[in-house]
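Take a look at the letters that make up each chain.
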There are 2 protein chains.
Amino acid sequence: MAGEQRTILRVLSGETVSPPPIWLMRQAGRYLPEYRATRATAGSFLDLCYSPEHAVEVSLQPIRRYGFDAAILFSDILVIPDALKRNVRFTEGHGPQMDPIDEGQILALETDGVIDYLKPVLETVHRLRAELPVATTLLGFCGAPWTVATYMIAGHGTPDQAPARLFAYRYPEAFAYLLSLLAEISAEYLIAQIDAGADAVQIFDSWAGVLGEREFQAYAVGPVRKMITIVKARRPRAKIIAFAKGAGYMLRSYRQQTGADAIGLDWSVPLSFAVELQKEGPVQGNLDPMRVVAGGQALSEGIDDILQHLGNGPLIFNLGHGITPQADPAHVAELVRQVRGGRG
Amino acid sequence: MAGEQRTILRVLSGETVSPPPIWLMRQAGRYLPEYRATRATAGSFLDLCYSPEHAVEVSLQPIRRYGFDAAILFSDILVIPDALKRNVRFTEGHGPQMDPIDEGQILALETDGVIDYLKPVLETVHRLRAELPVATTLLGFCGAPWTVATYMIAGHGTPDQAPARLFAYRYPEAFAYLLSLLAEISAEYLIAQIDAGADAVQIFDSWAGVLGEREFQAYAVGPVRKMITIVKARRPRAKIIAFAKGAGYMLRSYRQQTGADAIGLDWSVPLSFAVELQKEGPVQGNLDPMRVVAGGQALSEGIDDILQHLGNGPLIFNLGHGITPQADPAHVAELVRQVRGGRG
């Protein structure tokens, strides 16, 4: 079957593939002139997320240019609060904003209709799978409940996610209910993406790093385990990557505790620790995105470090966080070339 | 001698003191009405740092109110770039700003006169030691070279310190020179604080958590080790706390590599890992500051967790980061009471 050609699925099954497959978080993004051109015609950022025509186009752009081993659905983790009618908007230069939610509003959240609301995203997944080369893995994704909740509580991005941490201390029951609800609808959303054609899915817990041990267990591990349990119960062959950015030492038991097939590593994860984590299963990461901006020696050195430490085990080569707008597209071409074995 | 009564110095020598001594990072700060009153009369924030009269007053305020086991010099880590003539200013609502430094300006930095420029800070230390109760430890401090450099490169605070990471990749030699220079003058500055009356000093590496393994060794460990080596060579009895916020798994060898007597732990350090770190020597931390804002059960639970895990070894009780302006002073009183053994 076609899936067997997809190197990322082989890695997700525990196989070592050499050279390792590669894709980049935020690979469809502002560093690409063709993305900026499509973005300029598509209306608002959310319009772009909900337009299958435009979302397919920007998802395919980095595949055409670099031949990455995976395409990732172009969307945003905040489509879930948008579908929950939290008035999400992306204003240029301000980052995402939405109506901050309080205790009473959490208990009144209505989840009926969420998957229907997200049908344009599922249509994007469906069209993408039809248009992608057969060997290219198609990744779906969503945000982890904790990370999505940090925006829902504060109404915007916040340093150290202090408002959500404080809310969780003050209203532990309402907060647990919110995470539980988000875990359930996010699991449904991932199942719908898989049914629409996604080969594997990634769960982004971008703000997991600000949690103490007790909270990491309750707010990061627990809800992600719940999501993965639901998805795997209903789609037993589904492969799932869990990316808990900044989780550091707590990654030690994260794979086992959540049931993820692979764990994503941010660039601050020491490679000596990553080697230990890889003994338990596939890892993905973890080049510092600033090395791609810098290029040259900084880029080559970072690639070499990762390949030397992790190249002999199951590895999906990636950045340790999303690629930034100031990255030179030529540096990305050089990155792909070097990971695939070419040099200088 | 008087120092033997100071519980924090006993802990820094490896002794277990029960109940553990306590102080709070940023304990002289905006959550206290008496601080806000002094601040309103003192001129700019830097004026306050350079006025021994006012700086002594705000340093003493939390000692009077709570009887903390340590007073910390009221100052800022950015007095070093200010003394290096980088035009540092603190504008209300904007955070610290200074002139961003480039490669050529780094090589032209002039360090003569830096300690002279900081004489008002040393005068504050001198007066504080005379005014403090004999059992109260007086802590001096400075920023670690990496953290100070992140501000000098960008000219202000930045998410993930991307400008400094990029600069370090692009201009590794100039960056190494900057860190080396900062390590040398910061060590001189700490020695001057010790000579002025500081019982111990803390080095704040607030942004250590964004560094990959190679960079953590080069930019966090190396310069701090250099500072500690210089200070201990010239003041062999000096006690030094090193606080690498966000360093996570890399804390495993940080104490041994830097030569610090104690290591500070941020609130994201798992207590199960902190127990391991405490086997190698004293630790300080690590209550989530948001628990102090929340109060009640969230506060008590956090205190209990720390005391249960770390209370039977050398511990300086502290927060995992600075106390925030919205903390209720009554919650701080409750914190001190509970750490000292009272409950209910």
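Nothing here was measured: the structure is a model prediction, and the numbers come from that model.

Rules behind the numbers
Residues numbered from 1 in each chain as written. Chains lettered and ligands numbered in written order. Predicted model: local features only at pLDDT ≥ 70, side-chain atom pairs only at ≥ 80, totals over all residues. Helix = DSSP H or I, 4+ residues; strand = E, 2+ residues; numbered from the N terminus. Rg over C-alpha atoms; globule rule 2.2 N^0.38 Å. Buried ≥ 20, exposed ≤ 12 C-beta atoms within 10 Å, placed from the backbone. Contact = placed C-beta atoms within 7 Å. Nonpolar A, V, L, I, M, F, W, Y, C, P; charged D, E, K, R; others polar. Pairing = 2+ DSSP bridges. Axes fitted to C-alpha atoms, helices over the stretch in contact; angles between N-to-C directions. Right-handed = clockwise from strand over helix to strand, strands pointing away.

Caption draft 1: Inspection of the overall build of chain A at higher detail. What chain A contains, in helices and strands, is 17 helices and nine strands. Computed over the C-alpha atoms, the radius of gyration of chain A is 19 Å, within 12% of the 20 Å expected from 2.2 N^0.38 for a compact globule of 344 residues. Viewed in the frame of its principal axes, chain A has a C-alpha envelope of about 60 × 45 × 40 Å. Across the 344 residues that make up chain A, the buried fraction comes to 55%. Contacts in chain A between residues far apart in sequence, at least 24 positions, make up 73% of those at least 6 positions apart.

Caption draft 2: Seen up close, the interface of chain A and chain B. Taken together, the contacts link 27 residues of chain A with 27 residues of chain B. Elements represented by at least two residues in the side of chain A that touches chain B include exactly α10 (162–170), α12 (213–234), α14 (271–278), α15 (289–294) and α16 (296–310) of chain A. When residues of the side of chain A that touches chain B are assigned to their parent elements, the largest contribution, five residues, is made by α10(A). Of the residues belonging to the side of chain A that touches chain B, the class tally is 15 nonpolar, five polar and seven charged.

Caption draft 3: Just the sheet that holds strand β6 (residues 239–244) of chain A, in detail. All names here are of chain A. Taken together, seven strands build an open sheet; the order of strands is β1-β4-β5-β6-β7-β8-β9 and the sheet is parallel. The open sheet has two free edges, formed respectively by β1 (70–72) and β9 (315–319), since each of these has just one partner strand. For this sheet the average axis-to-axis angle between neighbouring strands, irrespective of direction, equals 25°. Where strand β5 (residues 200–205) meets β6, six bridges bridge the pair, whose relative direction is parallel.

Caption draft 4: Inspection of unusual backbone geometry at higher detail. The amide bond that connects A:Ser18 to the next residue, A:Pro19, takes the cis arrangement and shows omega of -5°. On the secondary structure map, A:Pro19 appears in the loop between α1 (7–12) and α2 (33–41). Cis rather than trans, the peptide bond between A:Gly285 and A:Asn286 has omega equal to -15°. Tracing the chain through its elements places A:Asn286 in strand β8 (residues 283–287). Even without being a glycine, B:Asp160 presents a positive backbone phi close to 60°.

Caption draft 5: Structural view of helix α9 (residues 145–154) of chain B. All names here are of chain B. Counting buried positions along α9 yields nine of ten residues, so the element is predominantly enclosed. By the burial criterion, the buried members of α9 are Pro-145, Trp-146, Thr-147, Val-148, Ala-149, Thr-150, Tyr-151, Met-152 and Ile-153. Gly-155 sits one or two positions beyond α9 and adopts a positive phi of about 90°.

Caption draft 6: Geometry of the pairing of β5(A). Residue and element names in this part refer to chain A. Burial analysis of β5 places six of its six residues in the buried class, the great majority of the element. In β5, alternate side chains face the same way, and those of Ala-200, Gln-202 and Phe-204 on one face and Val-201, Ile-203 and Asp-205 on the other are all buried. Of the strand pairs in this sheet, strand β4 (residues 137–143) and β5 are connected by five bridges, and their pairing is parallel. Within β5, the residue paired with Leu-139 across the bridge is Ala-200. A crossover connection joins β5 to the parallel β6 through α12; in handedness this β-α-β unit is right-handed.

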